[in-house]
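# Commentary on secondary and tertiary structure
In case you want the letters, here they are:
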Amino acid sequence: MENQEFEPKIVAFVCNWCTYAGADLTGTSRIKYGANVKIIRFPCTGRIDFMLLMKAFENGADGIIISGCHPNDCHYSTGNFHARRRWVVFRNLLNFSGIDTERIQFSWVSAAEGFKWADVVNNTIEKVRALGPYENYKKINVPTLFAKEDNNE
Amino acid sequence: MSDILINKVKQLLSDKAIDIFIGHGEGTGGRIRPIFVRTPEDAEQLIFNENCKQSWANYLLKPEVKAAGKIGMMATKHALRAMMQLASEFQIKDNEVLALYWDNNELKSSADFKEIEAYLASQNHDILPHEQEMIDKLNAMTTQERWDFWQKEYEKCIKCYACRSACPMCYCHHCAAEGNQPQWIPVASHQLGNMDWHLMRAMHLSGRCINCGACAKVCPMHIPLNLLTYNLITPIQQEFGAIAGMKHDATYALSTFKTEDKENFIL
Amino acid sequence: MARVGVFVCHCGENISATVDCEKVAKESGDLNSVVFSTDYKYMCSDPGQTLIKEAIKEHKLDRVVVAACSPRMHEPTFRKACSEAGMNPYLCEMANIREHCSWVHPKSEETTAKAGDLVRTIVEKVKKNKPLQAIKVPITKTAIVIGGGVAGIQSALDIANCGHKVIMVEKQPSIGGHMSQLSETFPTLDCSQCILTPRMVEVAQHPNITLYTYAEIESVDGFIGNFKVKIRRKSKSLDENLCTGCGLCTTKCPKKKIPNEFERGLGNRTAIYVPFPQAVPNKPVIDRENCNYYQKGTCKVCEKVCPVQAIRFDQEDQIIEVEAGALVVCTGFDVLKPNFFPEYGYGKYKDVIDGLQFERLASASGPTKGEIRRPSDGEIPKKIVFIACAGSRDPAKGIEYCSKICCMYTAKHAMLYKHKVHDGTPYVFYMDIRAGGKMYEEFVRRAIVEDDTKYIRGRVSTVFERNGKLIVRGADTLMGAQPVEIEADMVVLASAGVSNPDSEELAQRLHVSYDAYKFFAEAHPKLKPVETNTAGIFLAGACQAPKDIPESVAAASGAAVKVAALFSNSELTREPVVAEVNRQAPPVFSTCTGCFLCEKVCPYQAIEREEIKDRNGNVIKTLARINKGLCQGCGTCVALCRVKAIDLHGFSNQQMYSEVMALLNF
């Protein structure tokens with residue numbers, strides 16, 4: 001019951017050339033999706049550092065979307081292929097460490113797939129909402145002395 | 001065995017075939033420690049017995065060792081694999097390091113990558129049965145159980161970085177854990193920072209780990225952190241056909257791709 | 001301490017209809033480092049841009065965040081405006097609160113809050129932005145065209161006519177390529193030589209074109225605008241400046257029975273030879289493999305008869321190094337080799353020939369002076385069978401693609417045959433007739449209707465000899481897969497067009513990618529059909545895939561325009577979004593470990609090795625270095641680098657990290 005109130009925080013890591021443009025098209029087409037997804041723009045999925053995904057969960061993300069160009073469509077021709085290999089390995093590692101890979105949605109969304117982007121977002125929101133807040137991370141004991149240990153300033 | 005080794009090293013040193021030899025020596029409390037032999041006389045301190053399973057490959061790139069001149073090393077199977085992996089990452093060259101290794105009770109010596117590869121190809125490189133058992137046990141758990149298991153382990157970590165020091169593949173002179181612009185890994189050893197460190201380390205070793213187990217062996221808190229990287233060995237081999245440390249000119253699994261790589265998890 | 005200005009755009013009502021822009025602007029003003037924030041109806045309009053420019057001056061802003069539409073739309077606009085106000089343009093970033101916010105969410109507090117989150121995130125990012133300078137690369141205005149077929153000729157002439165220097169490198173002793181071997185061309189049946197040779201001559205005489213025949217690319221270094229290319233000029237054993245091309249040597253050479261490559265083995269040539277009468281340049285070369293002097297040490301007849309003493313037996317290969325700003329690869333294609341079709345008897349029966357051989361038989365300058373006579377006994381074949389898709393569209397043979405040109409040239413062959421042998425009967429075995437193209441379908445219809453070519457839809461299983469006839473056995477699938485047997489006098493295979501045997505090697509020398517069939521790969525199959533992944537290297541013609549003449553010529557002109565556009569400025573300006581390997585003071589020089597695992601991930605071969613040497617010249621360390629001319633800024637190497645020694649300008653580790661942190665922590 002409580003989960004119905006819960007609005008998950010979702011971060012989307014997307015490439016500039018396909019998914020970011022696809023999400024632009026979702027906008028131009030006025031297709032609606034949940035406001036709890038926020039997009040971070042990368043030049044290419046190949047640029048997405050796995051460390052950033054770890055940081056996203058640590059800092060309160062309940063779900064993550066990673067999306068780029070379909071295979072063979074990469075603006076840089078092969079960046080997404082390299083990214084895909086890394087994801088296979090990283091997912092394996094996360095899974096083995098007990099991190100819920102259900103909370104990470106990988107997708108290929110092209111610049112023409114405005115509808116698909118809205119679907120990916122809405123489905124991910126549904127899925128993560130059902131999973132609930134990522135309590136495991138929130139429960140990790142970080143001594144207050146270190147709680148503000150980040151590098152923003 | 002020790003005598004054969006001592007004589008061989010003495011000769012190598014007096015012939016000036018090598019300038020320094022990294023081998024096994026007697027430590028305190030019956031432990032084995034690495035010793036660095038520079039003169040034929042010092043070679044007397046070398047030992048070799050069934051307890052000498054340690055790989056000293058992590059010393060190969062140390063500036064202090066390299067400065068001594070041509071390096072010889074008592075090499076276990078894992079040390080040889082480390083050499084091949086280091087070679088594939090352009091850290092050592094062919095005929096640069098003279099490896100001594102036992103092949104069916106015969107002491108062989110080679111600095112030739114092709115010879116070492118041939119020897120390695122004849123050996124079994126599976127991880128130990130009890131390690132595999134542990135991995136299987138973990139994989140059979142639920143995600144939450146695995147999370148709880150590892151959190152308990154991460155909680156113990158004191159961030160001494162002994163795992164990093166012992167690992168032959170952790171040779172970066174400026175580890176990403178030390179980077180503070182941005183501060184990827186929190187400095188203090190709290191649970192979150194510890195998890196960050198271990199996941200980053202495992203990811204950096206994926207496709208490069210030669211399963212020597214040094215990281216777990218040296219861990220003062222007995223965290224089975226070798227399992228993190230061991231668990232990746234099988235999928236990487238199955239999915240990408242890559243195995244670390246068998247060929248001096250192998251391509252790193254994550255440096256390449258196939259268009260038909262698996263993507264059943266991608267929408 | 002950064003001084004950030006935030007400018008929130010209403011976009012008329014496109015944003016303000018669902019987002020409370022005033023509130024976003026007001027709350028942004030409270031963010032750390034933000035010293036000025038405001039909202040305006042149309043930020044991209046002239047007054048909007050003026051507002052930004054004035055605020056930069058008045059409030060001494062050193063960073064600007066424009067919260068408006070997608071950066072893919074107006075980032076250049078606002079960066080230019082900032083630049084005009086004296087700010088480094090790369091210190092301006094955009095928060096996308098239209099496409100990613102106001103247009104996809106309903107009017108609500110949540111939507112306004114999201115807009116605020118996006119602004120805060122970009123403010124944190126922009127604080128980590130570093131001033132960047134657009135990369136200027138000087139351009140050497142010389143193009144190298146590799147291959148002198150019809151595509152190469154077209155490209156070279158187009159570039160040269162734009163006033164730029166061109167160096168053409170052709171492997172064979174003459175330019176002309178496969179087109180010069182053709183008899184007549186579909187669908188107009190104009191003579192190939194008649195339309196091609198004038199252009200060949202034009203190449204040779206063009207003041208802007210330097211022609212190197214019998215030459216190959218040895219190596220290519222450098223990057224767009226600044227290639228350094230080594231060309232191997234194979235020895236022709238001839239002083240070309242002295243030779244007048246009188247041809248006396250070729251008539252006197254005692255080695256006369258060498259299969260002529262130009263005639264596809266249907267005719268002979270001498271050891272010192274000009275490949276064909278209209279060759280450009282029309283000067284001979286000595287084929288050392290077949291020359292008596294080079295093989296046995298005696299002869300030198302050519303030297304004795306040469307009226308100008310142009311023969312140079314001791315001439316060696318010459319390597320010349322040239323600088324070029326761009327390369328156009330037009331190396332063409334090859335035709336499947338005979339051993340590919342044991343079942344069709346190619347190579348076993350003299351009268352089973354391939355399409356190019358038929359072209360030579362039909363050519364007025366060919367070995368039979370244009371009469372269709374079969375190779376075995378010189379008789380005129382009365383029944384002739386053309387087999388289409390010989391190798392093409394056959395996964396079992398490893399060639400899954402359609403060779404595209406065969407349907408058309410097979411129809412042409414049948415037509416030419418019928419025009420020359422009026423009482424002959426041409427048969428065509430085909431899988432499908434693919435005649436897409438201007439006047440193409442009409443052409444095929446003509447072959448069927450006017451020239452009475454018997455088209456049989458089905459594949460040929462075998463060709464064998466019986467009583468001096470070639471028995472072609474196949475099936476007619478339109479007659480219920482009924483077996484068909486034709487007693488033919490000659491069989492012509494429309495052999496698949498394949499990549500050149502050395503294309504893989506050349507691709508590696510050029511650092512361009514190629515497909516599974518070793519054809520060169522274009523940068524984008526639709527939008528960049530003449531570009532390669534390597535900036536400054538372009539493609540044209542059948543080296544990409546089998547193409548007909550109009551397509552090759554169109555691509556060649558397209559590539560030429562790309563080169564001309566590149567050469568229209570003396571400098572090339574590039575976005576400074578490129579990767580860089582850090583460098584620092586000794587003793588470590590860089591955090592790069594020199595593992596070079598990044599080398600292979602780069603799609604552009606932009607990662608080089610730099611040796612750090614001490615003052616005695618000893619190598620201390622080998623580090624990665626990014627070639628800014630080649631890097632396109634994808635950042636794949638950045639995410640791979642364990643030590644974080646590589647960073648990407650514009651999307652640096654600090655910027656991305658700050659974005660993630662700011663998005664989630666508040």
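Now for a description of the structure that goes with this document.

About the thresholds
- Residue indices begin from 1 for each chain and proceed along its sequence in written order.
- The lettering of chains begins at A and the numbering of ligands begins at 1, in the order of writing.
- Given that the model is predicted, a residue must reach a pLDDT of at least 70 before its local features are reported, and side-chain atom pairs must reach 80 or more before they are shown or counted; all residues, however, enter totals for whole chains, interfaces and linings.
- The side-chain numbers reported here are obtained from all heavy atoms of the structure, hydrogens and water having been left aside.
- Two cysteine sulfur atoms make up a disulfide if the distance between them is within 2.5 Å.
- Secondary structure elements are taken from DSSP: a helix is a run of H or I of four residues or more, a strand is a run of E of two residues or more, and numbering for both begins at the N terminus.
- The buried label goes to any residue with under 20% of its type's maximum accessible area, the exposed label to any with over 50%, and the partly exposed label to all in between, with areas taken from a 1.4 Å probe on protein chains only.
- Whether two residues are in contact is decided by their heavy atoms: any pair within 4.5 Å suffices.
- Two parts placed together each lose some accessible area; with a 1.4 Å probe, that loss summed over both constitutes the buried area.
- By salt bridge we mean one thing: a side-chain nitrogen of Lys or Arg within 4 Å of a carboxyl oxygen of Asp or Glu.
- Definition used in this section: a nonpolar core is a set of buried Ala, Val, Leu, Ile, Met, Phe, Trp, Tyr and Cys residues joined via side-chain atoms within 4.5 Å.
- Lys, Arg, Asp and Glu make up the charged group, whereas Ala, Val, Leu, Ile, Met, Phe, Trp, Tyr, Cys and Pro make up the nonpolar group; the residues left over, Gly among them, are polar.
- For a helix, the expected span equals 1.5 Å multiplied by the residue count minus one.
- An arc is given here, and it is the one of the directions from the helix axis to the C-beta atoms.
- The term polar contact refers here to a pair of N or O atoms within 3.5 Å; inside protein, the definition further demands a hydrogen-donor-capable atom paired with an acceptor-capable atom, and it admits residues adjacent in sequence only when both atoms are side-chain atoms.

Now for the state of the cysteines. Applying the stated criterion across every chain yields a total of two disulfides over all chains. At a sulfur-sulfur separation of 2.5 Å, the disulfide partner of A:Cys18 is A:Cys69. Here the disulfide of A:Cys18 and A:Cys69 is right-handed, its torsion about the S-S bond being about 100°. Here A:Cys18 is found in the loop between β1 (10-15) and α1 (19-28), whereas its partner A:Cys69 is found in the loop between β3 (63-68) and α3 (79-96), with 51 residues between them in sequence. Note on accessibility: A:Cys18 and A:Cys69 belong to one class, buried. Linked covalently through their sulfurs, C:Cys191 and C:Cys194 form a disulfide whose S-S length is 2.3 Å. Between C:Cys191 and C:Cys194, the S-S torsion sits near 90°, and that sign places the bridge as right-handed. Taking relative accessible area as the criterion, C:Cys191 reaches 26% and is therefore assigned partly exposed.

Now for the interface of chain A and chain B. Each partner contributes to the interface: chain A provides 44 residues, whereas chain B provides 52 residues. Summed over both partners, the interface of chain A with chain B buries about 4400 Å², with 67% contributed by carbon and sulfur atoms. For the pair chain A and chain B, the interface holds three salt bridges. Of the charged contacts, one joins B:Asp196 and A:Lys55 as a salt bridge, the two residues approaching to 3.0 Å between their closest N and O atoms.

Here the focus is the nonpolar core. Among the nonpolar cores identified, the biggest contains 242 residues, and A:Phe13, B:Met83 and C:Phe358 are the most heavily contacted of them. In this structure A:Phe13 touches A:Ile40, A:Phe42, A:Ile48, A:Leu52, A:Leu53, A:Ala56, A:Ile64, A:Ile65, A:Ile66, A:Ser67 and C:Val660, once residues within four positions along its chain are discounted. Listed in part, the 41 residues of the second largest apolar core include C:Val19, C:Ala68, C:Cys82 and C:Ala95.

All right, on to the interface of chain C and chain A then. Each side of the interface is counted separately: chain C has 51 residues, and chain A has 48 residues. Broken down residue by residue, the surface that chain C buries against chain A is led by C:Arg72, C:Trp103 and C:Leu664, which jointly contribute 16%. Counting every contact that joins chain C to chain A gives three salt bridges. The closest approach of N and O atoms between C:Lys644 and A:Asp49, which form a salt bridge, is 2.5 Å. At the level of secondary structure, the elements contributing two or more residues to the side of chain C that touches chain A comprise α3 (71-84), α4 (98-102), α5 (109-127), α16 (636-640), β34 (646-648) and α17 (653-664) of chain C. Counted by class, the side of chain C that touches chain A contains 21 nonpolar, 17 polar and 13 charged residues.

Now for helix α7 (residues 192-205) of chain C. One full turn of an α-helix is made of 3.6 residues, so residues set three or four places apart face in the same direction. All names here are of chain C. Here α7 contains 14 residues, and its C-alpha end-to-end distance of 20 Å stays within 8% of the 20 Å for a straight helix at 1.5 Å per residue. Of all the residues in α7, the buried ones are Ser192, Gln193, Leu196, Thr197, Met200 and Val203. Here the buried residues of α7 occupy an arc of 115° about the axis, which is enough to place them on one side.

With respect to the helices and strands, the residue A:Arg41 is situated in strand β2 (residues 37-42). The class for A:Arg41 is buried, based on a relative accessible area of 12%. In this structure the side chain of A:Arg41 is engaged in a polar contact, spanning 3.1 Å, whose partner is the side chain of A:Asn16. Here the side chain of A:Arg41 touches C:Glu75 through a polar contact of 3.0 Å, side chain to side chain. When sequence neighbours within four positions are dropped, the list of residues in contact with A:Arg41 reads A:Val14, A:Asn16, A:Tyr20, C:Pro71, C:Glu75, C:Phe651, C:Met656 and C:Glu659.

Interpretation note: all reported values are geometric properties and have no functional meaning in isolation.
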